[in-house]
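# Summary of the model geometry
Listed below, chain by chain, are the residues.
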Amino acid sequence: MVPLFSKVPNIDRLPPVWGTLPYGAAQLGRELKVVPVRDLRTLSVWWALPPLRPLYRSKPHRILSHLLGHEGEGSLLSLLKSKGWCDALSAGETNSNSDFALFEVQMDLSPQGDEHVDEILPLIFQYLTMLRASAPLPRWVFDECAAIGEMGFRFKDVDEPQDAACGYAQALQLLPPQEVLSAGYLYEEYDPAAIETMLHRLTPQACCVTRLPLPLTLTLTLTLTLPLPLPLTLTL
């Protein structure tokens, strides 16, 4: 690598900095409806958060992703599935930048769920309220995430060389060299305060909702009487 890139000049260019969150009060608390091209029924609730990159050792967003996306008994997904409203649910960081990050809860809705969005949204917020009331979260939640992360690191698949080189080159701009390989997997610090701070940001007032309902299908039925008069003019 050194012979190939050592001659590239370093011009000490700084990355762009915005210094604030991308959305203000005027943009939050809104529902956006998007007409899909394909047969999709999805519901997304997302929040803009301060940057999560400095928290790579404690990963509070990953811990909340683990709880929100849990599939076992008593989870949000199990409740929605029992009502026949949801087929799949995922939660986590969807965008990470130097100045902000986006955290999203996304679900694939059934036809029945598409008709009960006004009941699904309060269940998401009630689940988050329950987590806030339980703060600080039990230590075993962190330990469980840490064990899963360690297994993922130990038994990680071998990357394609080109993909690995690109990924590590980007990571070296953000992380200490000795942590580049493991930072995405290992949970090094238990930080209940960071988890609680993030939970208090995941409120209904600070989110946006994006819906992809099925497009409205218009069925037109014509009744024709023979013989037809000519010329025939049809006006819609």
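Below, the structure is looked at part by part. (Residues numbered from 1 in each chain as written. Predicted model: local features only at pLDDT ≥ 70, side-chain atom pairs only at ≥ 80, totals over all residues. Heavy atoms only, no water.)

## Details of the nonpolar core
- With 40 residues, the main nonpolar core has Trp47, Leu80, Phe103, Met107 and Leu128 as its most contacted residues.
- With nine residues, helix α5 (residues 117-133) is the single largest residue contributor to this core.
- Filtering out sequence-adjacent residues up to four positions away, Leu80 remains in contact with Trp85, Cys86, Leu89, Met107, Ile120 and Leu123. (Core = buried A, V, L, I, M, F, W, Y, C linked by side-chain atoms within 4.5 Å. Buried < 20%, exposed > 50% of the residue type's maximum accessible area, 1.4 Å probe, protein only. Helix = DSSP H or I, 4+ residues; strand = E, 2+ residues; numbered from the N terminus. Contact = heavy atoms within 4.5 Å.)

## What about the pattern of salt bridges?
- In the structure shown here, the tally under the stated rule is six salt bridges.
- Its salt-bridge partner being Glu179, residue Arg57 comes within 2.4 Å of it at the nearest N-O pair. Pair noted here: Arg57 is in the loop between β2 (42-49) and α2 (60-68) and Glu179 is in the loop between α7 (161-171) and α8 (192-199), with a separation of 122 residues, a long-range link.
- Put simply, Arg139 and Asp143 hold a salt bridge, and the shortest N to O gap is 3.0 Å. Here Arg139 pairs with Asp143, and both are found in helix α6 (residues 139-154), just four residues apart, close to one helical turn.
- For Arg139, a relative accessible area of 43% puts it in the partly exposed group.
- Ionic contacts of the salt-bridge type, sharing partners, join the residues Glu31, Asp114 and Arg211 into one network. (Salt bridge = Lys/Arg side-chain N within 4 Å of Asp/Glu carboxyl O.)

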